[in-house]
Amino acid sequence: MGNENSQLNGLEVEEKATEITDFWSHYQATIKDSCRYFSFKGDGSVSVFKGEIVLGPLWNISSPLEKFSNNLLKYRHPCIVRYISSWQQRSTFHLATEYVQPLSHVLSSQTPLQICIGLNNILRALVFLHDQAGMSHNNVSVSSIYVSGDGQWKLGGLQYLCPFSELNAAYLKHARIHRYDKAVDPNEDATEKNSKVDQYAFAVLVDDVFKGCSDGDVPHLKEFTNYCKQNLQNPDCEKRPKLSELFKDNFFNHEFISIYKFLNFLPIKSDEEKSEFFANVIRNLKCYDEATVAKQLGGLLLSRLTLLDSTARKDVLPFILKPKDDRIQNGEHTGFFCLNVFKEHVKPRLLQLFGVRDSQIRMLLLSHFNKFVHVFSHEELSHHILPELLLGIKDTDDSLVASTLICLSELVPILGADTVVGGKRSKFFTDGRPKSKSNHLKPENDLYLANKSLRDLHTNENIFPERKLTNYEENMALNERPTPVGGECLEIENMSCGPQQNNEVNSEDDWDDWDNSNRQLVMKELESTNIECFTDEKITENDVTEMKETISDFTVENIKPSKHSALLQKAALEAKRNIIDISELDIKNQKNDFKKNDDFDYFADMMPVIEKQQVSVVEKIPDISNKLNFVPAGSDDNEDWGENWNE
């Protein structure tokens, strides 16, 4: 795969050839930047023909592929293969066309009705070359016909094309070596001037493509094949009719092909003819195969002119834009195509239509969006449909914006709100219902859940899920003011002691009672009572009462000792008991065990703690004056729905 020196940027050609002929090799390829090129699947698929220089009397000026390319560029018609580009790379000539497949590869899978429409297309192309361009094809056969991505037959093989004025026996003799032998008129050498070569070849083509089909597969098939043998293959070329006269035959005027031709020539039809046609077309098509209708008529039923017709909007499109569903609710129309046929043939058309910048077409798609949204994959919705919808909400048409927002709500259960809305989201709403088992049931009066049509919404989250506070919420909860000096004593006293023991520090003179005698008395009482509450067990109410009665000489005497301070006091007593030698009190002999230091400060936990007032910075609440500004402060402007709304 490569694209050296290619005139098409991003062209990637497959290594394996689809078809190899005497003049060229046919490859399938893709173009990354495919917005400029037609592709039924929307993936940039194209066909690339590579041809080398060929020696011969007809190729002195240009090679067969070069002549084919020049004729495609010059003679444009809907039923002729579409030209894209051509270039020379070293000795190889390259031709890029729309995506096509050789008819010989798909002929076995074609239905008789498809073959009938295909022959109609080839006949239209030949009539255009004969009557409008004055050119003779000279190579009509199965090998010269291709099938496009939407199933339409296209005429190719224009390397033998020449004006009628230059068509003579010598020219046909030079070209005969590479022409289809069966399609060569045995008497063409006998006539110096033979302008009816294509009539003879078209009769052979009809016989080849209908080989194996019964007469009842297509209306008037037997009569038409007999007419071709008797008239188009007449030994006298002057008696062969013009190809344009074949359109009058019943074979090209039965119901199905008449519908096809009416849709093709819709621009020249009157309003009365259109109204009558669209009012009855669905009923007439129900007797034909769905796949054939979708493949041959799907593009025409979704063409621009059909979408803009008022009668078609009412009587045709509601059936075409909805897959067939056995469950019909509220008197809705049932779809025409089954789900598989819809996905294969209609869905690619819808992807193309969402790229059309026409408000009427977009409004039509939005009005039926909930009927076909489920046929798209997540990738198609997120990469193709969603960007187009986000573009629609920025339009100046209020009706278009309102309809687009409704369709975006249909995508939320499928893609998730993060994908549809974008940006950073926070939980601003909670469920205020009482917590009970009945709340887990589906609320009958929930408008959104009652009207949802895509899939059941379920969640495994609790009604009141626990979550961490955001920075904004944490800053809003300001720190408490520190407790004033002595306040902790009053709080403990009110919590633990009765009202009869409520003694407060009224003045600074009360601190004089804390002398050495009182301190020694406290130590003696603690040692004599061997308080059990200083263990790891829980302090009982009786122990607290006994302790309060023992330490009765303190000014602030109703303090409940904390577990931590009690353990420190017991550790100090144990340290005193374990001193054996007086030398251990020398600082040189002391061990680095700060836990056994006898210089214990019993007032450490009573020292006032003065903390510096902490000032919390409250984030600025974002300006919500703009009705579309849903983004919290601090988010990136490039997030959310893609662009600045103030533009």
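The protein chain has the name Protein-associating with the carboxyl-terminal domain of ezrin in an unreviewed UniProt entry, where Danaus plexippus plexippus is given as its organism.

Peer 1: I'd like a description of the overall build of the protein chain, backed by residues and values.
Peer 2: Per the secondary structure count, the protein chain includes 24 helices and eleven strands. Expressed as a percentage of the 647 residues in the protein chain, the buried residues total 41%. Within the protein chain, counting contacts between residues at least 6 apart in sequence, those at least 24 apart form 65% of the total. Put simply, the protein chain shows about 38,800 Å² of open surface, and 49% of that area lies on carbon and sulfur atoms.

Peer 1: Quick rundown of the side chain of R362? Include the residues and the values.
Peer 2: Along the chain, the position of R362 falls in helix 14 (residues 359-367). Under the relative-accessibility criterion, R362 is labelled buried at 7%. If we ignore the near neighbours within four places in the chain, the residues touching R362 are F354, V356, R357, E388, L389, G392 and L400.

Peer 1: Describe a negative patch on the surface, listing the residues and the values that go with them.
Peer 2: Side chains of D271, E272, E273 and E276 sit close together on the surface and give a patch of like negative charge. Mapped onto the secondary structure, D271 falls in helix 8 (residues 271-285).

Peer 1: Describe in detail the packing of helix 16 (residues 378-392) against helix 17 (residues 398-415), supporting the description with residues and values.
Peer 2: It is at 10 Å that the axes of helix 16 and helix 17 come closest, and there the two elements cross at 155°. It follows that helix 16 is roughly antiparallel to helix 17 by the angle criterion. The interaxial crossing formed by helix 16 with helix 17 has left-handed handedness. Counting all contacts with helix 16, which are made through H378, L381, S382, L386, L389, L390 and G392, the residues of helix 17 involved are L400, V401, T404, C407, L408, L411, I414 and L415.

Peer 1: Help me get a handle on unusual backbone geometry, residues and values and all.
Peer 2: Although it is not a glycine, R90 sits at a positive phi angle of roughly 55°. Relative to the assigned elements, R90 resides in the loop between strand 5 (83-89) and strand 6 (92-98). A residue is classified by how much of its surface remains accessible, and R90, at 70% relative accessible area, is exposed.

Peer 1: Could you give an account of the pattern of salt bridges, naming the residues involved and the relevant values?
Peer 2: Using the criterion set out here, one finds eleven salt bridges in the structure. Note that K182 and D207 form a salt bridge whose closest N and O atoms lie 3.7 Å from each other. Taken as a pair, K182 in the loop between helix 4 (169-175) and helix 5 (197-209) and D207 in helix 5 lie far apart in primary sequence, 25 residues in all. Note on K182: relative accessible area 38%, which makes it partly exposed. Between R357 and E388 there is a salt bridge whose closest N-O contact spans 2.9 Å. Of this pair, R357 sits in the loop between helix 13 (339-353) and helix 14 while E388 sits in helix 16, placing them 31 residues apart in sequence. E388 sits in the buried class, given a relative accessible area of 15%. In the salt-bridge network here, residues are joined through shared partners; they are K182, D207 and D208.

Peer 1: So what about the packing of aromatic side chains? Which residues, and what values?
Peer 2: Taken as a whole and assessed by the stated rule, the structure comprises 21 aromatic pairs. Their ring planes at 70° and their centres at 5.6 Å tell us that F23 and W59 sit as a pair that is edge-to-face. With a gap of 36 residues between them, F23 in the loop between strand 2 (19-20) and strand 3 (25-31) and W59 in the loop between strand 4 (45-51) and helix 1 (64-74) connect regions that are remote in the sequence. Linked through ring pairs, F23, W24, F49, W59, F68, Y146 and Y160 together constitute an aromatic cluster. Over the ring of Y27 we find K50; its NZ or CZ atom is 4.8 Å from the centre of that ring.

Peer 1: Before we move on, could you go through the environment of H374 and cite the residues and values that matter?
Peer 2: Tracing the chain through its elements places H374 in the loop between helix 15 (369-372) and helix 16. When the C-alpha positions of H374 and E410 are compared, they lie 9.7 Å apart, and in sequence the two are 36 residues distant.

Peer 1: Talk me through the nonpolar core; I want residue IDs and the actual numbers.
Peer 2: If you look at the biggest cluster of nonpolar residues, it comprises 122 residues, and the most contacted ones within it are L119, W153, F202, L285, L297 and L411. No other element matches helix 3 (residues 112-133), which puts twelve residues into this core. In this structure L285 touches F256, I259, V293, L297, L301 and F336, once residues within four positions along its chain are discounted. Among the nonpolar cores identified, the runner-up in size contains eleven residues, and L11, Y27, I31 and V48 belong to it.

Peer 1: Before we move on, can you summarise the packing of helix 7 (residues 255-264) against helix 8 with the specific residues and values?
Peer 2: Viewed as axis vectors pointing N to C, helix 7 and helix 8 meet at an angle of 140°, and their least axial separation amounts to 12 Å. Taken together, the axes of helix 7 and helix 8 lie oblique to each other. Relative to helix 8, helix 7 is oriented so that their crossing is left-handed. Across from E255, F256, I259, F262 and L263 in helix 7, the residues of helix 8 making contact are E273, K274, F277, F278, V281, N284 and L285. Residue composition of the contact of helix 7 with helix 8, grouped by class: eight nonpolar, one polar and three charged.

Peer 1: For the sheet that holds strand 9 (residues 145-148), give the residues involved together with the corresponding values.
Peer 2: As summarised here, the arrangement of the three strands in space is 7-9-10, forming an open sheet in which the pairing is antiparallel. Either end of the sheet is taken by a strand with one partner, and the two such strands are strand 7 (100-102) and strand 10 (153-155). When the angles between neighbouring strand axes are averaged without regard to direction, this sheet yields 40°. Against the sheet, helix 3 touches strand 9 and strand 10, its axis set at about 25° to strand 10.

Peer 1: Could you give an account of the environment of R283, with specific residues and numbers?
Peer 2: Among the structural elements, R283 can be located in helix 8. For R283, a relative accessible area of 53% gives the class exposed. Separated by 33 residues in sequence, R283 and V316 place their C-alpha atoms 9.8 Å apart. Within the local environment of R283, its side chain forms a polar contact with the side chain of N280, the two groups lying 3.0 Å apart.

Peer 1: Hey, could you go over helix 13 for me, with residue numbers and the actual values?
Peer 2: For helix 13, the principal kink sits at V346 and spans about 45°; a proline, P348, occurs within the next four residues. The set of residues buried in helix 13 consists of V341, F342, H345, V346, K347, P348, R349, L350 and L353.

Rules and cut-offs
- Residues numbered from 1 in each chain as written.
- Predicted model: local features only at pLDDT ≥ 70, side-chain atom pairs only at ≥ 80, totals over all residues.
- Heavy atoms only, no water.
- Helix = DSSP H or I, 4+ residues; strand = E, 2+ residues; numbered from the N terminus.
- Buried < 20%, exposed > 50% of the residue type's maximum accessible area, 1.4 Å probe, protein only.
- Contact = heavy atoms within 4.5 Å.
- Areas by Shrake-Rupley, 256 points an atom, 1.4 Å probe, with all protein chains shown as cover.
- Patch = residues over 30% accessible without salt bridge, like charges linked within 9 Å, V, L, I, M, F, W, Y side chains within 5 Å.
- Salt bridge = Lys/Arg side-chain N within 4 Å of Asp/Glu carboxyl O.
- Lys, Arg positive; Asp, Glu negative; His and termini not counted.
- Charge placed at Lys NZ, Arg CZ, Asp CG, Glu CD.
- Axes fitted to C-alpha atoms, helices over the stretch in contact; angles between N-to-C directions.
- Parallel < 35°, antiparallel > 145°, perpendicular 65-115°, else oblique.
- Left-handed = near helix turned anticlockwise from the far one by under 90°.
- Phe/Tyr/Trp six-rings, centres within 6.5 Å; stacked < 30°, edge-to-face > 60°.
- Lys NZ or Arg CZ within 6 Å of the ring centre and 35° of its normal.
- Core = buried A, V, L, I, M, F, W, Y, C linked by side-chain atoms within 4.5 Å.
- Nonpolar A, V, L, I, M, F, W, Y, C, P; charged D, E, K, R; others polar.
- Pairing = 2+ DSSP bridges.
- Polar contact = N/O pair within 3.5 Å; in protein donor to acceptor, adjacent residues only side chain to side chain.
- Bend = angle between axes of the 7 residues up to and from the residue.

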